[in-house]
Structure formats: C-alpha cells, structure tokens
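# Residue-level structure breakdown
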Amino acid sequence: DEILRSLAGPPSPPGLAPPGWRVPVDCVRANELCAGEPSCSSRYRTLRQCLAGRDRNTMLANPECQVALEVLQESPLERCRCKRGMKRELQCLQIYWSIHLGLAEGEEFYEASPYEPVTSRLSDIFRLASIFSGMDPATTSKSNHCLDAAKACNLNDNCKRLRSGYISTCSRELSATEPCSRRKCHKALRQFFDRVPSEFTFRLLFCSCKNPACAERRRQTIVPSCSYEDKEKPNCLDLRGACRADHLCRSRLADFHTNCQATFQSLTSCPGDNFQACLGSYAGLIGFDITPNYVDASTTSITISPWCSCKGSGNMEEECEKFLRDFTENPCLRNAIQAFGNGTDVNLAPKNPSPAVTVLPKVEKSPVLQDDVNDSNTAYDTSVISTCTSLQEQGLKPNKSKEQSLCYSQAQLTTDVMPDQKTFMDPKAGSSRQRESRILLLIPILI
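Residues numbered from 1 in each chain as written. Predicted model: local features only at pLDDT ≥ 70, side-chain atom pairs only at ≥ 80, totals over all residues. Heavy atoms only, no water.

### Focus on the pattern of salt bridges
The tally for this structure, following the rule as stated, stands at eleven salt bridges. One salt bridge connects D194 with R84, and the closest N-O pair in it is separated by 3.2 Å. On the criterion of sequence distance, the pair formed by D194 in helix 10 (residues 182–195) and R84 in the loop between helix 6 (76–79) and helix 7 (89–103) is long-range, its members being 110 residues apart. Here R244 makes a salt bridge to E111, at a shortest N to O gap of 3.8 Å. Taken together, the residues span a long stretch of sequence, with R244 in helix 14 (residues 236–244) and E111 in the loop between helix 7 and helix 8 (145–154) at a distance of 133 residues. This pair shows no difference in class: R244 is buried, exactly as E111 is. Each of the salt bridges in this network shares a partner with another, and the network as a whole consists of R84, E89, D194 and R252. (Salt bridge = Lys/Arg side-chain N within 4 Å of Asp/Glu carboxyl O. Helix = DSSP H or I, 4+ residues; strand = E, 2+ residues; numbered from the N terminus. Buried < 20%, exposed > 50% of the residue type's maximum accessible area, 1.4 Å probe, protein only.)

### Regarding helix 10
Helix length check: helix 10 (14 residues) gives 20 Å between terminal C-alpha atoms against 20 Å at 1.5 Å per residue, within 8%. Where helix 10 is concerned, the buried positions are C185, H186, A188, L189, F192 and F193. The arc that holds the buried residues of helix 10, viewed along the axis, is 165°, so those residues lie on one side. More than 90 degrees from the buried face of helix 10, the exposed residues found are R183 and R195. In this structure, the buried residues of helix 10 make contact with helix 8, helix 9 (157–171), helix 11 (198–206), helix 13 (224–227) and helix 16 (275–284). (Expected span 1.5 Å × (residues − 1). Arc of directions from axis to C-beta. Contact = heavy atoms within 4.5 Å.)

### What about the UniProt feature "glycosylation site" (unreviewed entry) in the chain?
The residues that UniProt annotates with the feature "glycosylation site" (unreviewed entry) are N342 and N399. Here N342 lies in helix 18 (residues 331–342). A relative accessible area of 47% places N342 in the partly exposed class. (UniProt positions renumbered as here; feature names shortened; annotations may be inferred.)

### A few points about a positive patch on the surface
Taken together, the side chains of R161, R172, R183, K184, K187 and R195 present a region of like positive charge at the surface. With respect to the helices, strands and loops of the structure, K184 is situated in helix 10. (Patch = residues over 30% accessible without salt bridge, like charges linked within 9 Å, V, L, I, M, F, W, Y side chains within 5 Å. Areas by Shrake-Rupley, 256 points an atom, 1.4 Å probe, with all protein chains shown as cover. Lys, Arg positive; Asp, Glu negative; His and termini not counted. Charge placed at Lys NZ, Arg CZ, Asp CG, Glu CD.)

### A look at the packing of aromatic side chains
For the structure on display, the rule yields eleven aromatic pairs. Between F206 and Y282, the ring centres sit 5.6 Å apart and the planes meet at 55°, which makes this aromatic pair tilted. Here F206 is found in helix 11, whereas its partner Y282 is found in helix 16, with 76 residues between them in sequence. Here the two residues F206 and Y282 agree in accessibility, since each one is buried. With a centroid separation of 5.5 Å and 70° between ring planes, the pair formed by Y228 and W307 is classed as edge-to-face. Remark: W307 occurs in the loop between strand 2 (304–306) and helix 17 (317–328) and Y228 occurs in the loop between helix 13 and helix 14; sequence separation between them is 79 residues. The class of Y228 is buried, set by a relative accessible area of 4%. Among the aromatic residues, ring-to-ring pairing joins F202, F206, Y282 and F340 into one connected group. Residue placement shows R190 over the ring face of F288; its charged tip is 5.1 Å from the ring centre. The side chain of R250 reaches across the aromatic face of W97, ending 5.0 Å from its centre. (Phe/Tyr/Trp six-rings, centres within 6.5 Å; stacked < 30°, edge-to-face > 60°. Lys NZ or Arg CZ within 6 Å of the ring centre and 35° of its normal.)

### Digging into the state of the cysteines
What the rule picks out here adds up to 13 disulfides. Two residues, C236 and C308, share a disulfide whose sulfurs are 2.1 Å apart. Taking the sign of the S-S torsion, about 90° here, the bridge from C236 to C308 comes out right-handed. Of this pair, C236 sits in helix 14 while C308 sits in the loop between strand 2 and helix 17, placing them 72 residues apart in sequence. With relative accessibility at 4%, the residue C308 sits in the buried group. Each sulfur of the disulfide joining C260 and C278 lies 2.1 Å from the other. Between C260 and C278 the sulfur-sulfur dihedral comes to about 115°; the bridge is accordingly right-handed. Taken together, the positions of C260 in helix 15 (residues 247–260) and C278 in helix 16 put the pair 18 residues apart, joining distant regions of the chain. Side by side, C260 and C278 carry an identical accessibility label, which is buried. (Disulfide = S-S within 2.5 Å.)

Written out as structure tokens, the structure reads:
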C-alpha cells in the first residue's frame, strides 16, 4: 500500500483538489483535468502503453501497469461519460474506451453505456404523436400514421433536408452489381438521426399501423435495400465483433443493451421504465452494419432484428442466439415501440390520481404536406384535423359536415369510445336521486 501511494504521488492538501475532480464530467473535460495533474497524466500515458496489444490479464501481471490502473480509478477519467451528439463525441468516446477497456473484466457480453443517462420521458414528445391515438378504430381505418410522420418531417426544414439527403444517397445506383454506396448511406442515416429531434425521427420509426401499406412504409423508412439488407446474412457474432472494433458503434451497442435489456424488475420490462431511453438507443444503432429494422410488414406483431443469423456459430451458438433474442424477443423494445405508436407512456406516480374520471390525451394540430409517395389506402382529408382542432380551441361546435365525424368533446369521446368507462355524472341528477331514495325509505314508516 505504501509503494502504491508513493507511486501515485503525494495527496492533494484539503481544498486544493482540481476543480471537477470528484464531479462526473464528459471525457474530453476529464482528460483535460487529468493532463493538468502530473500524477494522473503520467499514469494515463502508462496505462495506454500497457493496453496496446495486450489483454487485461497480461496487463495486470505488470506491476507498473497495475499501479497506473489503480491511480486512474480514482481520477475523473474513471467516472466520465459522453453526450450523444456532442461536438467532440468521437474523441470523447475514444478517451472513454481507452481506460474502460482496461477496467472491464475481459470480454463482457453486456457493456455499460458510455453515454449520460436519459432522464426525459416519452410524454415530453407525445404532442407530436398520432392525433388519432385512442379514438374509435372506425374513424381511423383509412389513416396512415407513417404517412403523417413523413408530412410532419417535410414541414421542418432540417428534417426535410436531411431525410431527402439520405433517401437520395441510399437510393442512388452505382452500377449493375453495386446498387448503392452502403458506407455513404450509413453516414447519411447517422446524420439524420443524430441531428433531427426525436419528435420527428421517432414518428417515422415507430408510427403505429393497422394496414400492410402503412407497415411497409414504416419498414422502408431507412431504405433497407441499401442500409439493411445484403446478399447474404453474416453471423450475428461476427457482426457484433466488427461493431465492437469501432468506438462509435461499440458505444451505441452498449447504450442499447443498457437501456433496452429486458428486466423483470420493472412494470414495462425496461430499465427504469424509461421508454424514451430505449427508443433513443435503438435509433442510435441505425447507420451501422448492425442496423436493426422491422423484418416484415406485419401489423399484428412487431419483430425487430439486425441483418444476421446464427448459422455457422459452432460452439458459440448459444451466445449468438442470446444476442439475437435481444432484438427479436425483447419485451422492453416491443413495449416501447407500441407505447409510442399508441400515444401512451408509463405514469407510475400520478400527482393527482382521479380514478372516477377518464382523461384523454390532448388533441394537437397535425401539419399537412404531401409526401413524395402517397400510399394507395390513405385517401383521407388531413385538413379536417386542423379544422377540428381550431374549432375545439375556440370552443365552437362544427357544422354538420365531413369534419363533424372527427370533432368530439371530451365527454363524447369518453362515452362513445370507451362505453365501459362512463364515469361522467351530473351532480344535480345525483342529488335528486338521493332525495327520492330517502322518501322511499320513509313510506313504510309512515304506513
């Protein structure tokens, strides 16, 4: 212990510790703090030399490497994290893995996410979720929420530009044998999902569908013929190995496992019941060879998978199947996608619970703009939505016309859509019933 302390350098006097030394910071800042402290700086250089071309056991057999590791475990580098989309994200991730690969206990199946935890909830972006969620299915039989999502994206300049960019790049044929540039397609997709707010990207990826045309549009969101499919399916473990060789892909995969790994210790099967974190980490995987997608245009079940199989896994088949099931049979991911598509979220502790009254989601305006390609079964007038919303906001009743079928008051929605939950009562009617019951009780006594 004395040798370790001496090698680590003299302890800093109380009150003279470097600013942020004990506070978690991003890894770029943590690296700057370490560089300004001689002991940390020298041990960090030593550890990076120790990790070069050696596994963890070989590294720890070297006393000097072991001391360097011990010192850095007490530095801000050990607790640093990165932010998705930060200015120097790749540099931050490289710094993170330069030390955490040495701290990991060998080749772990699941790795901790290098990103800061997601604290926002899905409810924060439900204002742009499907306007028809929760309404009578009869009124939404012709609706296509995925087409609505595309129209909403086209109304936003940034979303429209980046979406048009990746569709053009991923659809551009290079030659008869090379239908597209997969590398450029992936880069364009990553830019879209990293730079466009989730209010738009989530709607495109996780829109709810009740017909095959809508589900196929959802499956085609990422232009799978270029970004997803290939001539042959590689082995899933080979795909995972290639992903872990890249700092950015490794980080996104670790983030997915951290936020979407199914757990039975929560109501939703998601860690912390946080659907937003799971969906965000799923979107973060798009634009790599491990890109996941819907396997078909089914409307009755949601099956997600990367383009790989466990064929030829040998004695690693069990591990391969486990990795693949994290996508194909993941209740957390499935629940998160369905929750967003249905416009529902987890509310574990409502502030003012009112079990006697059914509260419906607030209806918001939905932007209208024709997309590049219209689906054959979506011949409905979306301008009705804006008309209905504006009428409701002004407290007016619509005339008897086509928009009347879509304009409901809250009480009408509750009684018509959910007849089993008729909970609205007239207080005057209630008091008159009570008086009548009291009179009936007095009649036998009088007789």
